[in-house]
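Below, each chain spelled out in residue letters.
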Amino acid sequence: MSKKVISILLLLASVGGPATASAGWFKPKKDKAWNQYLDRVEEVASRERRIPQAAIDRTIAFLKANRAQVENRITNKSVVIINDFTQESTRDRMFVVYVYLGKVESYQVAHGIGSGEGPHVYRCSNVEGSKATPPGFHLVQNENRQSSFGSSLYMDSLEPRNSNSRERAVVFHPNKTAKERAEILRKWGFIDLSEGCAQLTREDYYKLKPRVQGGSLLYNFCPEDL
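The structure displayed is predicted, hence computed values, not measured ones.

Draft legend 1. Geometry of the overall build of the protein chain. When you go through the protein chain residue by residue, the secondary structure sums to 6 helices and 8 strands. Written out in order from the N terminus, the α and β elements of the protein chain read α-α-α-α-β-β-β-β-β-β-α-β-α-β. Out of the 226 residues in the protein chain, the part that is buried amounts to 46%. Here the analysis covers contacts within the protein chain between residues at least 6 apart in sequence; of these, 64% occur between residues at least 24 apart. Working note: accessible area of the protein chain is about 11,500 Å², and carbon and sulfur atoms make up 54% of it.

Have a look at this one:
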């Protein structure tokens, strides 16, 4: 081995070697990407005045406090969904925040019958058999093609207060057509109810499915979060 090669090896050893050097370079880049994600979520969501500031603040606070647990699990960072269950079901209360496109879309979304038999959510619950909407942060995952709805997206818990969501089969799914939902609204004064799932019209579900599946963040903002 030449003296030049030996000198290079000694130099690398003295600074921790290439692995340490690359790790030191990678961490700032990873921090920058995460901070940019947080900044964009807050910036874009804040443009939509119908989203409560408390919901935005709680989303950012959750992401900051739980980064170690959620950063690598949120594999679809292009969208964040905030379901504002402090609003009645007759309104567009599902807000889809397109983090990097810089826009927000809104949709009607049903709540669980156990949360309120009408247009208002009075409580959210993690209890099995409650048929209530679970509170808090979830991941919208990949498609279940064996679903009784023809298609649905799994929802995974991200915090203890919704730890039973998978066991309760809480999912993101379609049900009525837009026409059927409009008829229910006209007849009863509120839209269809679910058993705790994020339930959309068939048209809205199939529009959103390719955009939100694959590990996007969803927040059920409930009255107790106010």
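Draft legend 2. Broad picture of the nonpolar core. Formed by 25 residues in total, the largest nonpolar core has its most connected members in Y37, I51, L63, V80 and L217. Listing elements by their share of this core, those giving two or more residues are α2 (17-46), α3 (53-65), β1 (79-84), β2 (94-98), β4 (136-144) and β8 (216-221). With 22 residues, the next largest nonpolar core counts V96, V170, A198 and C222 among its residues.

Draft legend 3. A look at the state of the cysteines. This structure, assessed with the given rule, holds 1 disulfide. Each disulfide pairs two cysteine sulfurs, and for C124 the partner residue is C222, the sulfurs being separated by 2.1 Å. Between C124 and C222, the S-S torsion sits near -85 degrees, and that sign places the bridge as left-handed. Highlighted residues: C124 in the loop between β3 (103-107) and β4 and C222 in the segment after β8, separated in sequence by 98 residues. The class of C124 is buried, set by a relative accessible area of 11%.

Draft legend 4. Structural detail: the side chain of D84. Turning to its location among the elements, D84 is positioned in strand β1. Here D84 sits buried without a salt bridge, and the closest side chain of opposite charge, R91, lies 7.4 Å off (N-O distance). Polar contacts involving the side chain of D84 include one to the side chain of T86, which spans 2.5 Å. Reaching out from D84, the side chain makes a polar contact with the side chain of Q87 at a distance of 2.8 Å. Those residues within four positions of D84 in sequence are excluded, and the remaining contacts are R50, P52, R93, F95 and F221.

Draft legend 5. Region of the structure containing the pairing of β4. Where burial is concerned, most of β4 is hidden: 7 out of the 9 residues are buried. Note: β4 against β8, 5 bridges, orientation antiparallel. The residue bridging V140 from the neighbouring strand is S216, located in β8. Of the pairings in the sheet, the one linking β4 to strand β5 (residues 152-157) comprises 5 bridges and is antiparallel in character. Considered in β5, the bridge of V140 is made with M155.

Draft legend 6. Examining the environment of E128 more closely. Mapped onto the elements of the fold, E128 is located in the loop between β3 and β4. For the pair formed by E128 and E167, sequence separation is 39 residues and the distance between their alpha carbons is 7.8 Å. Those residues within four positions of E128 in sequence are excluded, and the remaining contacts are N164, E167 and R168.

Draft legend 7. Structural context of the layout of surface pockets. The calculated volume of the largest pocket comes to roughly 190 Å³. Forming the walls of the largest pocket are 13 residues, and the residues nearest its centre are K131, R168, A169, E195 and C197. Of the residues that constitute the lining of the largest pocket, the class distribution is 4 nonpolar, 5 polar and 4 charged.

The rules behind the values
- Residues numbered from 1 in each chain as written.
- Predicted model: local features only at pLDDT ≥ 70, side-chain atom pairs only at ≥ 80, totals over all residues.
- Heavy atoms only, no water.
- Helix = DSSP H or I, 4+ residues; strand = E, 2+ residues; numbered from the N terminus.
- Buried < 20%, exposed > 50% of the residue type's maximum accessible area, 1.4 Å probe, protein only.
- Contact = heavy atoms within 4.5 Å.
- Areas by Shrake-Rupley, 256 points an atom, 1.4 Å probe, with all protein chains shown as cover.
- Core = buried A, V, L, I, M, F, W, Y, C linked by side-chain atoms within 4.5 Å.
- Disulfide = S-S within 2.5 Å.
- Lys, Arg positive; Asp, Glu negative; His and termini not counted.
- Salt bridge = Lys/Arg side-chain N within 4 Å of Asp/Glu carboxyl O.
- Polar contact = N/O pair within 3.5 Å; in protein donor to acceptor, adjacent residues only side chain to side chain.
- Pairing = 2+ DSSP bridges.
- 1 Å grid on protein atoms, 1.4 Å probe; cavity = no way out; pocket = protein on both sides within 12 Å on 5 of 7 lines; lining within 4 Å.
- Points joined across faces, edges and corners; volume = space filled by probe spheres on them.
- Nonpolar A, V, L, I, M, F, W, Y, C, P; charged D, E, K, R; others polar.

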